[in-house]
Amino acid sequence: MTGTDGGIRLCQVVLDCTDARALAEFYRSLLDLVYRPGDEPPQPGADDERGRDWLVLRTRDGAPQLAFQQVETLPEATWPEPGVPQQLHLDLTVSSVESLLEQHERVLRLGGRLLLDRIDDDEEPLRVYADPAGHPFCVFVSRRG
């Protein structure tokens, strides 16, 4: 079933976080997404009511992608060490090792941190990062068309 015939379809991935606005801003910048109408940041100094609850990011053509749900506390994943498992992670792709190297600097500048570096892997070069809330995500070279 593809979802067009009345079946279930994936709408978006929701990430719990203790600062929904900050995490939404990280992924908005990283993935060039836009806010769902009404979820945009308020004017400086104005109350951010939406940012204290639930925010949605979409592609520029309107397809839902990621949502952010505010929670009181959230234990940070300790992966690759034992303790607190990832529970979920995002796989992001680039087309070349050169692009992976370029995106590395963006991820760090936006507040991500490197957890695992396998850029020299001949089969699938990749790097695993933690976003500012501690959620792991991968950026790997996809050679698929």
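Throughout what follows, the structure given in this document is the object of discussion. Everything numeric here is computed off the predicted structure, so don't read it as measured data. Each chain carries its own residue numbering, running from 1 in the direction its sequence is written. Only residues with pLDDT of 70 or above have their local features reported here, since the model is predicted, and side-chain atom pairs are shown and tallied only from 80 upward, although totals for entire chains, interfaces and linings are computed over all residues. Heavy atoms throughout the structure, all of them, feed into the side-chain values; hydrogens and water do not.

What to know about the state of the cysteines
Selection criterion: Cysteine sulfurs are considered disulfide-paired once they come within 2.5 Å of each other.
All chains considered together, the criterion is met by zero disulfides. We note that Cys138 lacks a disulfide partner, and the nearest cysteine sulfur, in Cys17, lies 19 Å from it.

Digging into empty space enclosed by the protein
What counts, and what does not: Cavity and pocket criteria rest on a 1 Å grid covering protein atoms alone: a 1.4 Å probe that fits but cannot get out defines a cavity, protein on both sides within 12 Å along at least 5 of 7 lines defines an open pocket, and an atom within 4 Å of a point defines a lining residue. Grid points are joined across faces, edges and corners, and a volume is the space filled by probe spheres set on the points. Gly falls in the polar group here, along with every residue not listed as nonpolar (Ala, Val, Leu, Ile, Met, Phe, Trp, Tyr, Cys, Pro) or charged (Asp, Glu, Lys, Arg).
Here the structure, examined in full by the defined rule, presents one cavity of 30 Å³ or more. Here the largest cavity is characterised by a volume of approximately 30 Å³. Lining the largest cavity, in full, are Leu15, Tyr27, Leu88, His89, Leu90, Asp131, His135 and Pro136. Looking at the lining of the largest cavity residue by residue, the classes come out as five nonpolar, two polar and one charged.

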